[in-house]
Amino acid sequence: MYFSLRTKLFLALVVLASALTALAFTPVAGRHGMVASSEPLASEVGVQILREGGNAVDAAVAVGFALAVTHPLAGNIGGGGFMLIRLASGEAVVVDYREAAPAAASRNMYLNSNGEIIPHASTVGVLSAGVPGTVAGLALAEEKYGKLELARVIAPAVHLARGGFEVSYQFSESLRQDGDRLSQFDASRRIFLRDGRFYQPGETFKQPDLAQTLEAIAHQGAKGFYSGAVAQAIAATMQKYHGLITEEDLARYRPILRQPLVGHFRGYEVVSVPPPSSGGVALIEMLNILDPLDLGPPESFESMHLMVEAMRHAYADRAAYLGDADFTPVPVARLTSEAYAAKLREEILHSKPDAPIAAGNPQAFESSQTTHYSVVDDNGNAVANTYTLNNGYGSGVTVEGAGFLLNDEMDDFAAKPGTHNLYGLVQGEANAIAPNKRPLSSMTPTLVLQDGKLRLVLGSPGGGTIINTVLQVLLNNLVFKMDILQAVSFPRFHHQWMPDRLILERVGFSADTIQKLREAGYQIDFYGGIGDCEAIAVDALSGWKFGASDPRADGKAVGY
Ligand code: DON
């Protein structure tokens, strides 16, 4: 058949366009299992463990250790987080491995003699670090819920640390961007900045000190980190830079198994994390407010207005009431009750948009510096895990001789109740610093069930924006009927009550909607991208898993 050159070109364009469209909105499909994480090598490690007979928890623990090697911006053994596990049997548990304040921490430790916050004291250097929880949390998850040996699931991470891996463009750029902070500490400067000869994309990055630390954990379990040579190295680094964490703090650290929070939204069950994260409480509070409302088309003014008002109320309550419930009373049941949501909904429907609000009375921005991954295995076991060093590369301090970065999670406490933290979140009395207390988090690893069966696994980094990212991806899929990759890709917005700003992603909102939001009184700021959602949807009938790695970041969903 004869086609003119023009027709051929046209046909080629059509084929290309449909290929691109397919690429843009085709979640990765897997019949047996799926891993979605922020770093491709780590996702591959997870799937390899699944293929070799590991369950979702084995894969999740392997991904957690692998990310500590390949994604040191946020993947870690020197930080903490939350792992939400749901077994196919229906049993669900949260492993709370959030960092704890050292015993010598005190309420005013970041204030000067005039009662003012000392700049950077809670975000850079050893004083900003909480006692790390990751190793204890991952080891506990493996021991209680995994099928394989800890050494087996750490092995890929040891291999990647010792043999090295290829530096990606994003990794190379992030090291450059955070170079100032890293260069202040000897081991960080040597390992991550190669004493000023920045790693270029394509070079191999090897971490022999970290490999040795991971081997100690592989052989001795959590003890290999919380006692012996590694614990001594942490204490020595603390002494060198005048930090607070001691070997006793490390020996005392325990991960805590908690009951997940469960909410109900339009017939779905939403399972998420309790305090010391604010994520589950705020997510369920917002879903309760929105449940009976007509949300209209997504990204319409009407829909956005209702969601933004729900966000403002939930974040005002976060600031007022939330903290570590083991140290301070937190009214979780009342904040997540449908009666309380009904009252807030009435307020929203009868007041002007962006009208000043305070926290309710329940008795009557960002780059991706945390990391989330989701795993589902062939039997329907699922893991949603979010963990972090807080800021990118945490406190900037690498433990000397042990090769891993320490977090700056202490900044998630209220350094001075009523003031805001790194993420602009106003923090209250409930989140004041106290010895051994855990700082309030926004991390929101979440699962959604339909008729008792797994439907979604998701979560995101993004500091204070995390909860709103999870809310929007969830609504995009459940209410607006987008497939999981569309739901993850769709433009996002964020309001956290204070500062009184509505953040919109720069691309994706119509001029018309923006104008209506402005006319309604919202103060609008634009950001490049909000969050990095790594999600999996499960088709209950066929059992197929669909993975979506957020196009805002550099991750990958891998299925098999
Ligand atoms: O626990 C929290 O809420 C914060 N430390 C999370 C930090 C974070 O997501 C940074 N990423 N942008």
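Remember, predicted model here, so these are calculated numbers, not experimental data.

A.B. asks: Go over the pattern of salt bridges, please, and point to the residues and values.
C.D. replies: By the definition in use, this model includes 24 salt bridges. Across the pair E429 and R107 runs a salt bridge whose closest N-O atoms are separated by 2.6 Å. Assessed through its relative accessible area of 49%, E429 is described here as partly exposed. A salt bridge links E347 to K343; its shortest N-O distance comes to 3.3 Å. One end of the pair, E347, and the other, K343, are both in helix 16 (residues 338–349), four residues apart, so they sit about a helical turn from each other. Overlapping salt bridges bring together D96, R258, D326 and R438 as one network.

A.B. asks: A description of the sheet that holds strand 3 (residues 80–86) should follow, citing residues and the corresponding values.
C.D. replies: What the seven strands build is an open sheet, ordered 7-4-3-11-10-2-19; its pairing is antiparallel. Two strands bound the open sheet, and with one partner strand each, they are strand 7 (256–258) and strand 19 (556–559). Along the sheet, successive strands turn relative to each other by an average axial angle of 15°, direction set aside. Bridge count for strand 3 against strand 11 (residues 382–388) is seven bridges, and the pairing is antiparallel. Residue pairing in the sheet places G81 in a bridge with Y387 of strand 11. Lying on the sheet, helix 4 (residues 134–145) is in contact with strand 3, strand 4 (92–97), strand 7, strand 10 (370–376) and strand 11; it crosses strand 4 at an angle near 155°.

A.B. asks: With reference to specific residues and values, describe the pairing of strand 16 (residues 524–527).
C.D. replies: Across four bridges, the pairing between strand 15 (residues 502–505) and strand 16 is parallel. Bridge pairing links L502 to I524 in strand 16. The handedness of the strand 15 to strand 16 crossover, carried by helix 19 (residues 511–520), is right-handed.

A.B. asks: Help me get a handle on the side chain of N55, residues and values and all.
C.D. replies: You can see N55 is positioned in the loop between helix 2 (40–51) and helix 3 (56–70). The buried category is assigned to N55, whose relative accessible area is 9%. In terms of polar contacts, N55 uses its side chain to reach the backbone carbonyl oxygen of Y145, at 2.9 Å. Excluding anything up to four places from it in sequence, N55 contacts L50, Y145, G146, K147, D377 and N381.

Conventions adopted
- Residues numbered from 1 in each chain as written.
- Predicted model: local features only at pLDDT ≥ 70, side-chain atom pairs only at ≥ 80, totals over all residues.
- Heavy atoms only, no water.
- Salt bridge = Lys/Arg side-chain N within 4 Å of Asp/Glu carboxyl O.
- Buried < 20%, exposed > 50% of the residue type's maximum accessible area, 1.4 Å probe, protein only.
- Helix = DSSP H or I, 4+ residues; strand = E, 2+ residues; numbered from the N terminus.
- Pairing = 2+ DSSP bridges.
- Axes fitted to C-alpha atoms, helices over the stretch in contact; angles between N-to-C directions.
- Contact = heavy atoms within 4.5 Å.
- Right-handed = clockwise from strand over helix to strand, strands pointing away.
- Polar contact = N/O pair within 3.5 Å; in protein donor to acceptor, adjacent residues only side chain to side chain.

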